[in-house]
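Observations on the model geometry
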Amino acid sequence: MSAKWRALQHRHRYTYTAVVFPQLYLESLCQLPSDELSCKFLVELKELASLTSTYSQVNHVKNVAASFAELLSSGDEGLVSAFVRFYLEIFFLENSQPLHKTLASVLAKNCNNRGVIVECFRSLCEEYGGFGAKGKRFCVSRVALSMMGTPRLRYLVEVVEECCVLVALDVIYGLRSVVLETDGWARPSPIVMEQCQEALSCLYYLLQRFPSKFCDVSGFVSGSVPEDSNLLELVLTVILSIFRSSALSRDCFVAAGVSLCAALQVCLGEEELGCFIMAGIFNQTICYPVGSHESFLNSVIAKIPYKGDLSFELQQFSALSRLCLIRGIVTVVPRRVLNTQFVVGKGGLSSNGCVRGSAQTILYDGILPELCNYCENPTDSHLNFHALTVMQICLQQVKTSLLTDLVDRTMGFDPMSEHIGARLLRIIWNNLEDPLSQTVKQVHLIFDLLLDVCSAVQLGIDSDRTKLSVSKIAQDLLHMGPRCKGRYVPLASLTKRLGAKSILARRPRILFETVQAYIDDDVCCVATSFLKCFLEHLRNECWTSDGIDRGYEIYRAHCLRPFLCGLASGIPKLRSNLSTYALPILLQVDVDSIFPMLSFLSVRVGDDTGLAFPELSCLDITLKTEEKVAVLVSLLKVCRSLALLEGDMDTCERPSRLLKEHGIKNDSACFCIKGLQVKVPVEWLALALTHADELLRVDAAESIFLNPKTSSLPSNLELHLMRQTLPLNMRCSSTAFLMKWTSLFKKFFSRVHTALERQIKQGNLQFIAICNYDKSCLDNACEKNVVSQAEDLFHFMKWLSSFLFLSCYPSAPYERKIMAMELILTMINIWSIVPPLSEDDSLYPYSRSLTLPESTLLLVGSIIDSWDRLRENSFKILLKFPTPLPGICDIFMVNELISRARRLVCSPRVRESDAGALTLRLIFRKYVVELGWTVRPSTDSVSFRRDSHSSNGENHSCLTTSPAIKYVKSLIQWLCSVVEEGEKNLSKACKNSFVHGVLLTLRYTFEEMDWDSVIIPSNIKEVRHALGNLLELIMRITSLALWVVAADAWYLPGDVDGAIDDYSLLLELPSETVEPACATEHEVKASTFVCDARSMEQIVMVGCWLAMKEVSLLLATIVRKIPLPSTASALGDALNSTLTSGMVLDLKQLESIGEHFLEVILKMKHNGAIDKTRAGFTALCNRLLCSNNPRLCQLTESWMEQLMDRTVAKGQTVDDLLRRSAGIPAAFSAFFLSEPEGAPKKLLPRAMRWLIDVASRPLLDQTESFSMDDRLFNSSTTLINLENNILVPSSESGTRISSSKNREEGVIPTVHAFNVLRAAFNDTNLATDTSGFAAEAMIVSIQSFSSPHWEVRNSASLAYTALVRRVLGFLNVQKKESARRALTGLEFFHRYVCSLVSFASFVSKDGMNLQS
């Protein structure tokens, strides 16, 4: 659930932001004169300014650019000068970066009025870039970057060059402000980090293209640079501050690395730059170029404009910062500098009085060894990937340097020593099976480059040393086994160097093993890349050695048997993967191999009988009919996808025979492959379409019914087979088959739609009245055949739509109904179901009965189905129906529908309340939003009327409340009345669903509302008031329901408790007061009453947990949709509870929502409610962390601090450990999952380090003092929680219960910590981020196995289990193997280095204990 919310947040990157148009800009725009030429531009620009999301603005800015291009083409310089400023100023506005590309494209194509544009652009740069500028930070640098990155904008780039100092200062002061904010513990939002990266990129381009501007002080703005400094020093200072920051993204560090090297290039020459890199970065105390003097370094340092020890600053970088700096060096510094030899040493004089030293280079002696260290000792998966990326860039530079003879090898210098080669090879083997696919890709690139470098060093592949090393590598790879996906890409590289026959000689069954490996989905892609390379080289080698014809025979003898055995193996997954991945490669390499394979299946190809292919003589395989059908379907599927199958399948006889039901099975289907006619028994096709294997049925349908040429009409045979097979596939319950079948029909419907449209456009069809169309007017038989085909197709589509709708009859099985509804939805997305205005519409393939009132009421009734998916699909179908719904057009019908929905909403059954909420959602969408009717569902007599000010729900008067807002306010009133009933009598309210149904209705309503429309701004006060009332009601609901699902809720609600207590008093009366004859009767009544009371307890529990679940989901929907404060002024207003325009909730309300989530998730013990609360909390935290307000980001950190305090709070008992610490792991997971992707994680590393510290705190060395007798409780006085093995005593246990729940100080927090670690390592979404803590957590877990407390041992073992699963994967019980291949000890201890010492100490300690 949390991952779902996280994915939603990722898709909403541009939903919450928009270009901010200042009020002065809008006022000036309204004052512009409007004429015929400028009217369109003004209208489009005003429309752009009114949009409230970047997504909508990105789409609309195309119209603005097009209208401005028309204005420029008019040639009226006066008119252009009046409007060009408004166009260019959009570049400088906040959040305008996504629009720059479209806006700049018009300027690049323009050839007129360039002088006006240049002058206006220059004035805007000075206006927004100087001191006292009105622009936001980075506004000028963003524009400069866009101009420099757009082709054919040289005339504006010249303006950027003139304003280079202003742009650089904009970058410097902007970056400085961000760093200062992060130093104050503020977290920059993802947008700010993206802006920092773009600013650094802009700075890099300025340094590279205009270096003289950073040395010439005459262009400085007065007072912009301190007198005791210069521009280049400011650049170096701010870049170093970026490297020292821990809050910015890795992309910022990469951009800072290249910018730093570019800045050094401005003030240093090539030899000077190389000398400083060797001395200042790689810590060589004595360094100078060969032929220079020792004092050379001092003169270099003096040229760098930096106050302080720059070398010392560079040495203090973190591992990631240093990696990014090295990446900048290998990217920016010229290769001849990287290969220049410098004399380095540690001091001392030689016999001739010179400084002792050796010749070293930056690339081979500085960068390469340090990168090996980082790759051999990574701290986590992220650093490992970045280190390998830099290694790949470094080896690329090494390869290019060797090929271009930049390496001086006259003095016996070996650029790639055996030691470095062995280290690189060991790094490759250790990372070949890394869990991150991008890491494995980098390793493959490194392996390929290493082979190229070794070949270049040894002067060719033919050297004995290279051959021996490559052969050894090949042998190691071949012994890894076919399931090792990391071996295939390196094997492809070796195949290019050694040859396919050489690989085949070392491993004769390599093709069989590779084909069988396709049963594993993870191997398919990499194995396909190997197969493509291997088969191409094998074919070429066979051609070279045996000629073309004979070579093909030998090649096919090697290849066909493994593929045919795999396709006929009877394993559906293997056959499907082979036909998807491997078989297309085989046919691409040798397309004519399709004919021997078809002949092997006894399929007639042309006039051949199967004896014309000598390569078939070695195939001693006997296939049954079902196996032949499976292989045939795979071949047809691949031929269709490769466009080898020409045209459509049809019968060899006349199509009229298809009208006869008997005899078609004995006919043959004909089609052409490469001009040769192929005949297949129709019976085989029918068998494939009704096969027991679902994958085979789907593949057969794709081969027969789909055509890459989408404009071709389906043949009569295809339609006949579809009529036969579709009813037989309506009750397939597999979700995978349903999805594949739906996807197939989506393509088929699209093909039919395209084919019919093409025929109409060509004039071949005139569907005036298709049933009575006169074909005698057609000229030739071809036209008659096309019209007949199209007519059959159109009748088939009408039959299909009717068949699918009739399959949704009320008592239909779930499988049939869900399949029919999915296909109806797919068809509706291609063709609108709204009936055309005229009866002559040729592309309306539905029966008119589908939109009759009876059909509508049938679908409305399906909304009340007991299956969730059927309800949702019915709702989606009805949304596509005409508005208003047929049969529900008048007041009385809608009134009746709303009353029925209200009754369902108040039902205690979840499926009924969901059906009622969906019905009200449909009414809201159809009648409130689309028709603008006023609907108030809060009263029994629901009244609604058509709004006289509106026809669509959006274009309404600002003085009139929107119907949508009235609807929401009515729902809130309804919720208020329900809450008041619950406050009077909770148990009675829970019998009627309590608040679950109304909250669900509100959530559906908020999801349907368009928060970016004009409705919200024009009714902002009422929206704020309504949401404020809603939040108050939510707090009241929480106070009513939370205690029931909290830790202390062991007893019944107050009114039920009272009833039971009263009856207990009756039972406790003296026996003489009750007559003996009535004793049995009283006992029966007592038993019945207690059972009723327990049933009431369950009702209250269910009602309350459903209420808390919906409260969390409703709050999550609200915080995901509403606009948040995004500027400093708005934040200040929010702090003072004075909301600015566009803001819906203030800071205090957001803070109260977060505290509410935290309180609820910590108190509840119901797993379902906890999971939904975690989803809502994740959505809130993610939204706050993505905002530009530091205060909003700090809210999340303050909440995590509260959670930490609660985790280690004193006075906790075993009740706090129920449900594996209940909501504590979920709350931590919410914080971890909410951190934005692509930004450095702050909450997760901090919390994981803290949790490991808590779990590893030494416990008191005390054994449990209570005896075995104290641990035993009478079974009649205890409740046993079997899941957690915790004894939960009843109220009769007294003091003994209190003492049994207490544990020594530190035990409960330790268990909490292990439970959180277990949840974190179990979450796949956090696998990469938690990888750096796996080794320490594993050590702490093993150490805790010896704890004297059972709770600690139990939680530690569960955390250890999660770690083992994360490292090795799950064990498949049927196959008795792991989903991932087993790790060797070398790989394990390489990936988790710090665990080696601890495991060694464990083993030695246990060994000493055994000896003693």
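The written sequence of each chain sets the order in which its residues are numbered from 1. Per-residue local features of the predicted model are confined to residues with pLDDT of at least 70, and side-chain atom pairs are confined, for both listing and counting, to 80 or more; whole-chain, interface and lining totals are unaffected and use all residues. The side-chain values count all of the structure's non-hydrogen atoms but skip hydrogen atoms and water molecules.

Bringing the overall build of the chain into the picture now. Per the secondary structure count, the chain includes 63 helices and 13 strands. For every residue, the accessible area obtained with a 1.4 Å probe (protein chains only) is divided by the maximum for its type, and the residue is called buried under 20%, exposed over 50%, and partly exposed between those limits. Residues classed as buried in the chain amount to 54% of the 1412 residues present. Long-range contacts, defined as pairs at least 24 residues apart, comprise 73% of the intrachain contacts of the chain with a sequence gap of at least 6. Counting only carbon and sulfur atoms, one obtains 53% of the accessible surface of the chain, whose full area is about 61000 Å². Counting from the N terminus, the helices are DSSP H or I runs at least four residues long and the strands are E runs at least two residues long. Between two residues, a contact is recorded if the distance between any of their heavy atoms is within 4.5 Å. Throughout, the Shrake-Rupley method with a 1.4 Å probe supplies accessible areas, and for residues the shown protein chains are the sole cover considered.

This part takes up unusual backbone geometry. Note: most residues except glycine have negative phi, and most peptide bonds are trans. Backbone torsion omega between Thr883 and Pro884 reads -5°, so that peptide bond is classified as cis. Position of Pro884 relative to the elements: it lies in the loop between α39 (868–879) and α40 (891–905). The backbone of Ala643 shows a phi angle near 60°, a positive value even though the residue is not glycine. Structurally, Ala643 is set in the loop between α31 (625–641) and β5 (645–651). Its relative accessible area of 53% is what places Ala643 among the exposed residues. The backbone of Ser1221 shows a phi angle near 70°, a positive value even though the residue is not glycine. Classification of Ser1221 as buried rests on a relative accessible area of 1%.

With that settled, consider the sheet that holds strand β6 (residues 668–673). Here the rule is simple: two strands pair whenever DSSP picks up at least two bridges between them. Pairing is antiparallel across the open sheet formed by four strands, whose spatial order is β4-β7-β6-β5. Edge positions in the sheet fall to β4 (604–605) and β5, since each of these pairs with one other strand and no more. Sheet topology places β6 next to strand β7 (residues 676–681); six bridges connect them, and they run antiparallel. What sits directly across from Ile673, in β7, is Leu676. Orientation is described by lines fitted to C-alpha atoms, with helices fitted over the stretch in contact, and by angles between N-to-C directions that extend from 0 to 180 degrees. Where helix α32 (residues 682–689) meets the sheet, it contacts β5, β6 and β7, and its direction lies at approximately 65° from that of β7.

By size, the foremost hydrophobic cluster in this structure holds 447 residues, and its most contacted members are Tyr87, Leu107, Ile367 and Phe748. Among residues more than four places away in sequence, those in contact with Tyr87 are Phe41, Val64, Ala65, Phe68, Thr102, Leu103, Val106 and Leu107. Residues belong to one nonpolar core when they are buried, are Ala, Val, Leu, Ile, Met, Phe, Trp, Tyr or Cys, and are joined through side-chain atoms within 4.5 Å.

Mapped onto the elements of the fold, Ile427 is located in helix α21 (residues 418–431). Sequence separation of Ile427 and Glu376 is 51 residues, and the distance between their C-alpha atoms is 6.5 Å.

Along the polypeptide, Phe214 turns up in the loop between α11 (190–209) and α12 (231–244). Using a relative accessible area of 3% as the deciding quantity, one classes Phe214 as buried. It is 9.3 Å that separates the C-alpha atoms of Phe214 and Val235, two residues lying 21 residues apart in sequence.

Moving on to the side chain of Thr1005. Positionally, Thr1005 belongs in helix α44 (residues 996–1008). Ignoring any residue separated from it by four or fewer positions in sequence, one finds Thr1005 in contact with Phe924, Tyr967, Val968 and Leu971.

Patch members must show over 30% relative accessible area and no salt bridge, and they are joined within 9 Å when carrying like charges or within 5 Å when they are nonpolar side chains of Val, Leu, Ile, Met, Phe, Trp or Tyr. Salt bridge criterion: a side-chain nitrogen from Lys or Arg within 4 Å of a carboxyl oxygen from Asp or Glu. Counted as positive: Lys and Arg. Counted as negative: Asp and Glu, with His and the chain ends omitted from the count. Just so you know, the charge point we use is NZ for Lys, CZ for Arg, CG for Asp and CD for Glu. Among the surface-exposed residues, Asp35, Glu36, Asp76 and Glu77 lie close enough to one another that they form a single negatively charged patch. For Asp76, the location among the structural elements is in the loop between α4 (54–73) and α5 (77–89). Residue classification places Asp76 among the partly exposed positions, given a relative accessible area of 37%.

Right, let's get into the packing of aromatic side chains. Stacked, tilted and edge-to-face are the three classes assigned to paired rings of Phe, Tyr and Trp, where Trp is represented by its six-membered ring and a pair needs centres within 6.5 Å; plane angles under 30 degrees give stacked, over 60 edge-to-face, the rest tilted. A full pass over the atoms with the stated rule returns 34 aromatic pairs. Pairing Phe92 with Phe121 gives two aromatic rings, centres 6.1 Å apart and planes at 45°, and the pair type is tilted. Remark: Phe121 occurs in helix α7 (residues 114–129) and Phe92 occurs in the loop between α5 and α6 (100–109); sequence separation between them is 29 residues. Residue Phe92 is classed as buried on the basis of its relative accessible area, which comes to 2%. Exposure remark for Phe121: the relative accessible area of 1% places this residue in the buried category. Of the aromatic side chains, those joined through ring pairs into one cluster are Phe737, Trp741, Phe745, Phe748, Phe749, Phe796, Trp799, Phe803 and Trp831.

With that settled, consider the state of the cysteines. Cysteine sulfur pairs qualify as disulfides if the two atoms are within 2.5 Å. Summed over all chains, the structure comprises zero disulfides. With no disulfide of its own, Cys525 lies 6.7 Å from the sulfur of Cys524, the closest cysteine sulfur. Taking relative accessible area as the criterion, Cys525 reaches 53% and is therefore assigned exposed.

A few words now on the pattern of salt bridges. One pass over the structure, following the stated rule, counts 49 salt bridges. In this structure, Arg1246 engages Glu1201 in a salt bridge whose closest nitrogen and oxygen atoms are separated by 3.2 Å. In this pair, Arg1246 is assigned in helix α55 (residues 1243–1255) and Glu1201 in helix α52 (residues 1190–1207), connecting sequence segments 45 residues apart. Taking the relative accessible area as the measure of exposure, Arg1246 reaches 36% and is therefore partly exposed. For Arg1206, the salt bridge is made with Asp1216, and the minimal N-O distance between the two is 3.1 Å. One end of the pair, Arg1206, is in helix α52; the other, Asp1216, is in the loop between α52 and α53 (1218–1221), with 10 residues separating them in the sequence. The class of Arg1206 is partly exposed, set by a relative accessible area of 23%. Here the salt bridges do not stand alone but share partners, grouping Arg921, Arg925, Glu930, Arg1003, Glu1007, Glu1008, Lys1109 and Glu1110 into one network.

This paragraph deals with helix α10 (residues 164–183). To estimate how far a helix should extend, the number of its residues minus one is multiplied by 1.5 Å. For α10, which comprises 20 residues, the first-to-last C-alpha distance of 28 Å matches the rise-based estimate of 28 Å (1.5 Å per residue) to within 8%. Of all 20 residues that make up α10, 14 are buried, and the element is covered over most of its length.

pLDDT gives the predictor's per-residue confidence on a scale running from 0 to 100. For the chain, the mean per-residue pLDDT works out to 81, and 79% of the residues sit at or above 70. Residue range residues 347–356 is modelled with pLDDT below 50. Its contacts to residues more than four positions away, or to other chains, number 14 contacts.

Spanning 19 residues, helix α61 (residues 1350–1368) covers 27 Å between terminal C-alpha atoms, matching the ideal 27 Å at 1.5 Å per step. Listed as buried for α61 are Glu1351, Val1352, Asn1354, Ser1355, Ala1356, Ala1359, Ala1362, Leu1363, Arg1366 and Val1367.

Attention now moves to the packing of helix α19 (residues 362–376) against helix α20 (residues 381–403). Relative orientation of the contacting elements α19 and α20 amounts to 155°, with a least axis distance of 9 Å. As judged from the angle between their axes, α19 and α20 are roughly antiparallel. α20 is crossed by α19, and the crossing has left-handed handedness. Touching Leu363, Tyr364, Ile367, Leu368, Leu371, Cys372, Tyr374 and Cys375 of α19 are Asn384, Ala387, Leu388, Val390, Met391, Cys394, Leu395, Gln397, Val398, Ser401 and Leu402, all from α20. Residues are grouped as follows: Ala, Val, Leu, Ile, Met, Phe, Trp, Tyr, Cys and Pro are nonpolar; Asp, Glu, Lys and Arg are charged; every other residue, Gly included, is polar. Classifying every residue of the contact of α19 with α20 by side-chain character gives 16 nonpolar, three polar and no charged. For this classification, under 35 degrees means roughly parallel, over 145 means roughly antiparallel, 65 to 115 means roughly perpendicular, and everything else is oblique. Left-handed describes a crossing in which the near helix is turned anticlockwise from the far one by less than a right angle; the clockwise case is right-handed.

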